[in-house]
Amino acid sequence: MVGESSARTTGYAALAMTVVLWSSFALTSRGIGTSSLTDADAALIRFVVPLVLLAPLVPRTVRALARERTTTVLLLLAGGLPHYLVMAFGAGLTNAGLTGLLVPGTVPLFVTLLLLRRQRVPARAVAALATIVAGVVASATLVGTDGGTTGIVLLVGAGAIWACYTLGLQRTGLAPLEIVVAVCALSALGGLVLTLSGLLPSHLLSSPGTVRVGDVVTFAVLQGIGTGLLSTLCYAHAVRALGSSVAAVGGALSPVLTALAAVPLFGETIGWGLGLSLALVVTGVHVFNRTPPLPRVPRAPALPAWSPNLLRPVDARP
């Protein structure tokens, strides 16, 4: 009993840290425009830092990638540089509240749509998804932003890209830390190609003297280490200690924390439009995550489940 109580305590602590780290990712993405970094600079920091920290895992990750299907690798890579840049562009046109809300909030909707032909959807889940859609519509019509609806469309698009990444996670045989290494390595390479070719501006590479050291340190800690590494480990521990349902519902709190933190950090306000959007999307995500799934039709092969060892996948049995 003591061991179980201790595990749940550390599980809740890990979940709380996960929520804070996810929120900090949305807040720092919103803050790129007020920093001395470009979107490409922030992306390079985000992916290079965890890659350096996990460099010893690169050889085994390369060998593991050789056994993966091309489509699975492409789905995983969608969650790297493409997702980051689309989210960053959208964040620059909207506000932190919407950034923290729309990207994670719309993922269940897009995952369900992508799996619609393979899986039946319970009526309760349909109602939850309808609530999420209502929240997105409310954000587009009731929340004023400098970029109009363009930023909202980009953030919803980032949610769709993350849904593709989620499907890649379900299909891959890579261990969690191998996934981090693979995504960071190829995303960092893609970021370098885009900046060196001039397709994306970079202050770090073209005029490093204009970049503030504090900005580099902030993004390296909060995004490179926090989002790129610690959030993965914390969420994995929370799922093991508390179960996926509790962890998923707890994760739905990150948009609320992001909106509240944006008030003192960016001078944003939580008007009734954003408040309504928050209530609808968070409620929809909560109900969706608490809805038991129906059996798949037709029955699909078992997907890999993760062992407590973050370097070893385990085959799930029917």
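Residues numbered from 1 in each chain as written. Predicted model: local features only at pLDDT ≥ 70, side-chain atom pairs only at ≥ 80, totals over all residues. Heavy atoms only, no water.

### Thoughts on the confidence of the model for the chain
Then comes step 1: For the chain, per-residue confidence averages 83 on the pLDDT scale, and 86% of positions sit at 70 or higher.
Then comes step 2: Averaged pLDDT values for the elements of the chain fall to 37 in strand E1 (residues 305-306) and rise to 94 in helix H2 (residues 39-53).
Then comes step 3: Overall, residues 297-309 carries pLDDT values under 50, and its contacts beyond four positions in sequence, including any with other chains, amount to 30 contacts.
Then comes step 4: Confidence drops under pLDDT 50 across residues 312-318; counting only partners more than four residues distant or on other chains, this segment forms 15 contacts. (pLDDT = per-residue confidence, 0-100. Helix = DSSP H or I, 4+ residues; strand = E, 2+ residues; numbered from the N terminus. Contact = heavy atoms within 4.5 Å.)

### Things to note about the pattern of salt bridges
Then comes step 1: Under the definition given, this model contains three salt bridges.
Then comes step 2: The residue Arg60 makes a salt bridge to Glu178 at a minimum N-O spacing of 2.8 Å. Pair noted here: Arg60 is in helix H3 (residues 58-65) and Glu178 is in helix H9 (residues 176-196), with a separation of 118 residues, a long-range link.
Then comes step 3: Arg60 sits in the partly exposed class, given a relative accessible area of 31%.
Then comes step 4: Residue class for Glu178 comes out buried when judged on its relative accessible area of 5%.
Then comes step 5: Its salt-bridge partner being Asp215, residue Arg212 comes within 3.0 Å of it at the nearest N-O pair. (Salt bridge = Lys/Arg side-chain N within 4 Å of Asp/Glu carboxyl O. Buried < 20%, exposed > 50% of the residue type's maximum accessible area, 1.4 Å probe, protein only.)

### Focus on the side chain of Ser202
Then comes step 1: Positionally, Ser202 belongs in the loop between H9 and helix H10 (203-206).
Then comes step 2: Within the structure, the side chain of Ser202 is placed 2.5 Å from the side chain of Asp41, a separation counted as a polar contact. (Polar contact = N/O pair within 3.5 Å; in protein donor to acceptor, adjacent residues only side chain to side chain.)

### Notes on helix H14 (residues 272-289)
Then comes step 1: Look at H14: 25 Å from first C-alpha to last across 18 residues, which is about the 26 Å you get at 1.5 Å a residue.
Then comes step 2: Listed as buried for H14 are Gly273, Leu274, Ser277, Leu278, Val281, Val282, Gly284, Val285 and Phe288. Along the axis of H14, the buried residues cluster in a sector spanning 160°; they form a single face.
Then comes step 3: For H14, the secondary structure elements touched by its buried residues are helix H6 (96-114), helix H7 (123-142) and helix H13 (254-266). (Expected span 1.5 Å × (residues − 1). Arc of directions from axis to C-beta.)

### Comments concerning a nonpolar patch on the surface
Then comes step 1: There is a patch of nonpolar side chains on the surface, built from Leu53, Val213, Val217, Val221, Leu222, Ile225 and Leu230 and spanning about 560 Å² of accessible area.
Then comes step 2: Among the elements that line the nonpolar patch, the one with the most residues is helix H11 (residues 213-242), at six residues.
Then comes step 3: Counting through the fold element by element, Ile225 comes out in helix H11.
Then comes step 4: Classification of Ile225 by relative accessible area gives partly exposed; the value is 31%. (Patch = residues over 30% accessible without salt bridge, like charges linked within 9 Å, V, L, I, M, F, W, Y side chains within 5 Å. Areas by Shrake-Rupley, 256 points an atom, 1.4 Å probe, with all protein chains shown as cover.)

### Digging into the packing of aromatic side chains
Then comes step 1: Counted according to the given criterion, the structure contains four aromatic pairs.
Then comes step 2: Consider the rings of Trp22 and Tyr235, whose centres lie 5.2 Å apart with planes at 45°: the pair is tilted. With a gap of 213 residues between them, Trp22 in helix H1 (residues 2-30) and Tyr235 in helix H11 connect regions that are remote in the sequence.
Then comes step 3: Taking the relative accessible area as the measure of exposure, Trp22 reaches 32% and is therefore partly exposed.
Then comes step 4: Residue classification places Tyr235 among the partly exposed residues on the basis of a relative accessible area of 25%.
Then comes step 5: Grouped by ring-pair contacts, the aromatic residues Phe25, Phe47 and Tyr84 constitute a single cluster.
Then comes step 6: Directly above the ring of Phe266 sits Arg30, whose terminal nitrogen or CZ lies 5.8 Å from the centroid. (Phe/Tyr/Trp six-rings, centres within 6.5 Å; stacked < 30°, edge-to-face > 60°. Lys NZ or Arg CZ within 6 Å of the ring centre and 35° of its normal.)

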